[in-house]
Amino acid sequence: MPDKDLRLLALDGGGVRGLSALMILQQLMETIDPDNPPKPCNYFDMIGGTSTGGLIAIMLGRLKMSIIDCINAYLSFSDRVFQRKRNSLTVDGNIKGRFDSEGLTRAVKELLIAQGLQEDALLKDVSEDLCKVFVCATSQETNETVCLTSYESPHDGSDLVNNLKIWEACRATSAASSFFNPITVGRHNTKFVDGPTRANNPIWELWDQAQLIWGPQPLESRIKCLVSIGTGLPSSKLFHGSNSHIGEVLKSIATETEETAVRFRRDKSHFEDSGRYYRFNVERGLEDVGLEESKKRGEITAATQRYIGSQGVVTQMQACADDLAGREHLPLAHRALAATATDTVGADSLTQRPARHSQPPNRQVDNAEHDHEIPSLRQPQLPILHCKMCNILFYLWISLATTSLAIGLWRSLATSDEGKGFTDAAYVVAVGGLVIYPIQNRHALRCKLKE
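Residues numbered from 1 in each chain as written. Predicted model: local features only at pLDDT ≥ 70, side-chain atom pairs only at ≥ 80, totals over all residues. Heavy atoms only, no water.

Looking at an unreviewed UniProt entry, one finds the protein chain named PNPLA domain-containing protein and attributed to Cudoniella acicularis.

Looking only at helices and strands, the protein chain features 15 helices and eight strands. The buried share of the protein chain, taken over its 451 residues, is 50%. Nonlocal contacts in the protein chain, meaning residues at least 24 apart in sequence, comprise 70% of its contacts between residues at least 6 apart. Accessible surface, the protein chain as shown: approximately 22,000 Å² in total, 54% of it carbon and sulfur. (Helix = DSSP H or I, 4+ residues; strand = E, 2+ residues; numbered from the N terminus. Buried < 20%, exposed > 50% of the residue type's maximum accessible area, 1.4 Å probe, protein only. Contact = heavy atoms within 4.5 Å. Areas by Shrake-Rupley, 256 points an atom, 1.4 Å probe, with all protein chains shown as cover.)

Glancing now at helix α4 (residues 101-114). Between its first and last C-alpha, α4 extends 20 Å over 14 residues, near the 20 Å set by a 1.5 Å rise per residue. Where the residues of α4 are buried, they touch α2 (52-62), α3 (67-81) and α6 (166-174). Downstream of α4 by a residue or two, glycine 116 has a phi angle that is positive, lying close to 85 degrees. (Expected span 1.5 Å × (residues − 1).)

What follows concerns the UniProt feature "short sequence motif: GXGXXG" (unreviewed entry) in the protein chain. Following the UniProt record, the feature "short sequence motif: GXGXXG" (unreviewed entry) maps to residues 13-18 here. Annotation note: span residues 13-18, helix share 17%, strand share 0%, distance between end C-alpha atoms 7 Å. (UniProt positions renumbered as here; feature names shortened; annotations may be inferred.)

Grouped together as the largest cluster of nonpolar side chains are 71 residues, with contacts concentrated most on Leu25, Ile58, Met59, Leu148, Ile166 and Phe280. Top element by residues in this core is helix α1 (residues 18-32). It accounts for nine residues. The residues contacting isoleucine 166, other than those within four sequence positions of it, are Ile58, Arg62, Leu63, Val108, Leu112, Leu117, Ala121, Leu122 and Leu123. Grouped together as the second largest cluster of nonpolar side chains are 22 residues, Leu6, Ala10, Cys147 and Leu219 included. (Core = buried A, V, L, I, M, F, W, Y, C linked by side-chain atoms within 4.5 Å.)

Looking now at the sheet that holds strand β3 (residues 132-138). The six strands are arranged β4-β3-β2-β1-β7-β8 in an open sheet whose pairing can be described as mixed. Either end of the sheet is taken by a strand with one partner, and the two such strands are β4 (145-149) and β8 (277-280). The mean inter-strand angle of the sheet, taken between neighbouring strand axes irrespective of direction, is 20 degrees. Across six bridges, the pairing between strand β1 (residues 6-11) and strand β7 (residues 223-229) is parallel. In the sheet register, leucine 6 faces β7, and the bridge partner there is isoleucine 223. (Pairing = 2+ DSSP bridges. Axes fitted to C-alpha atoms, helices over the stretch in contact; angles between N-to-C directions.)

This part covers the pattern of salt bridges. Applying the stated rule across the entire model yields seven salt bridges. Here glutamate 152 and lysine 124 are joined by a salt bridge, their closest N and O atoms 2.9 Å apart. A residue pair is termed long-range when its members are at least 10 positions apart, and glutamate 152 in the loop between β4 and α5 (158-163) and lysine 124 in the loop between α4 and β3 qualify at 28 residues. A relative accessible area of 24% places lysine 124 in the partly exposed class. The salt bridge involving glutamate 272 is made with arginine 265; its shortest N-O contact spans 3.2 Å. Assessed through its relative accessible area of 30%, arginine 265 is described here as partly exposed. Three or more residues joined by partner-sharing salt bridges are found here, namely Asp12, Glu258 and Arg279. (Salt bridge = Lys/Arg side-chain N within 4 Å of Asp/Glu carboxyl O.)

Below, the discussion takes up the pairing of β4. Note: β3 against β4, five bridges, orientation antiparallel. The partner of cysteine 136 across the bridge, within β4, is cysteine 147. Joining the antiparallel neighbours β3 and β4 is a turn of six residues, in which asparagine 143 adopts a positive phi near 60 degrees.

The positions UniProt marks with the feature "active site" (unreviewed entry) are Ser51 and Asp194. Along the chain, serine 51 turns up in the loop between β2 (46-50) and α2. A residue is classified by how much of its surface remains accessible, and serine 51, at 11% relative accessible area, is buried.

Moving on, we get to the packing of aromatic side chains. How two aromatic rings sit relative to each other is given by the distance of their centres and the angle of their planes. A complete count under the given rule lists five aromatic pairs for this structure. Both rings, one in phenylalanine 264 and one in tyrosine 277, keep their centres 5.1 Å apart while their planes meet at 55 degrees; by these two values the pair is tilted. Of this pair, phenylalanine 264 sits in helix α9 (residues 244-267) while tyrosine 277 sits in strand β8, and the two are 13 residues apart along the sequence. For the residue pair phenylalanine 264 and tyrosine 277, the accessibility class agrees, reading buried in each case. (Phe/Tyr/Trp six-rings, centres within 6.5 Å; stacked < 30°, edge-to-face > 60°.)

Once that is clear, we can look at the packing of α1 against helix α11 (residues 297-308). If you want to describe how two helices pack, look at the angle between their axes and the distance between the axes. Between α1 and α11, the least distance of the axes is 9 Å, while the angle of their chain directions is 35 degrees. For the pair α1 and α11, the sense of crossing is right-handed. Of the residues in α11, those in contact with Leu19, Ser20, Met23, Ile24 and Gln27 of α1 are Arg297, Ile300, Thr301, Thr304, Gln305, Tyr307 and Ile308. Within the contact of α1 with α11, the residues separate by chemical class into six nonpolar, five polar and one charged. (Left-handed = near helix turned anticlockwise from the far one by under 90°. Nonpolar A, V, L, I, M, F, W, Y, C, P; charged D, E, K, R; others polar.)

Remark: α2 packs on α6, axes separated minimally by 9 Å, with the N-to-C direction vectors making an angle of 150 degrees. One finds that α2 runs roughly antiparallel with respect to α6. Two secondary-structure elements touch here, α2 through Gly54, Leu55, Ile58 and Arg62 and α6 through Ile166, Ala169, Cys170, Thr173 and Ser174. Here the residues of the contact of α2 with α6 sort into five nonpolar, three polar and one charged. (Parallel < 35°, antiparallel > 145°, perpendicular 65-115°, else oblique.)

With respect to the secondary-structure elements, arginine 7 resides in strand β1. Buried and without a salt bridge, arginine 7 has aspartate 45 as its closest oppositely charged side chain, separated by 4.9 Å. A polar contact is formed between the side chain of arginine 7 and the backbone oxygen of aspartate 5, at a distance of 3.5 Å. Look past the residues within four positions of arginine 7 in its chain and what remains in contact with it is Tyr43, Phe44, Asp45, Met46, Lys224, Cys225, Asp323, Leu324 and Gly326. (Lys, Arg positive; Asp, Glu negative; His and termini not counted. Polar contact = N/O pair within 3.5 Å; in protein donor to acceptor, adjacent residues only side chain to side chain.)

The following block contains the structure:
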């Protein structure tokens, strides 16, 4: 395969918190082009995900959906699928999934039909030039992570690639003990379980799949941008409200996800230092949102908006967007130093921008918009006056003070008593201030409250 700059995307699992990952990705696409946000499949060469991250990967990459359409579909999924059922046991004593596995199947099939595909459409994509997609699942027989792909890979058997249906892939990546029931697929009756507990953060699987497809040369020199998006950090107290088995599963998922992120960042530190690896994950605000709590989408939205609006994330998001779009920028390690300078000289792609609907990176920004960010460089300004009456009172006070001082100076020069003129002037200014200034200040306060 010809050499090319690779752009890769990994999506964590996280139940209804997958909405947070979608919002982060939406902001990233809007940062690339605020007026016409592109589809992720047009920018990423490969998208991989696990559990709900796998569902999103299929919608964005295999179905080529826009972010907005994907969010709408995901919210519909959440309302229909993440509804608790009473736990019961199978005939062999295992716990049945507490979420509606058949409901997930129906929802995926309906989505496929709405996108113009057959409900039994294959995960395999016949075009080699389009965005490649994989989802992670765990084989019950080997207890190893299996990547179910939309493309042929040198190490994968042809059975699953040529026969796996999209809805089966969605079920397989979502299968986890006590959440969704296991599923058996393919001619060889391969059974998949516990996908999220082994690769809930699929960053290493993404790396390995990219190496298989675009190898055998090392990937380091070919990756332009590697993006990993999480679904927030859950609180440990969420693990104690369920039975012991479910609690252990949740704890295992959370632990594995963050340990994987830390390990990858440590082992590939040169990628982050050179501005080619980006990890986005809401750090606070999603601790109390359980995997199935679809009614807490307001909390998910608020926490994610706070995160993507923070100064550090805005800078990181802009750098990532520049990488994806092929725009030149400084390495992330130098951007903090460059940010101050760019606010004063009218920067282009390095300028830190508002979180939503801001100017395109190649558009010049007026320095005046950023004067407030560096107080020492601000131009002198008159006080903020709120209405016509505020102006009248303020300038009446300035006129009184100026006139009194001028008269005082004249009297001092015209009489032998030099101190008398200034004493009278000071007295007039003081009396005028006692009368006019409180009135002006009280009126300005009322105007400000009205705003």
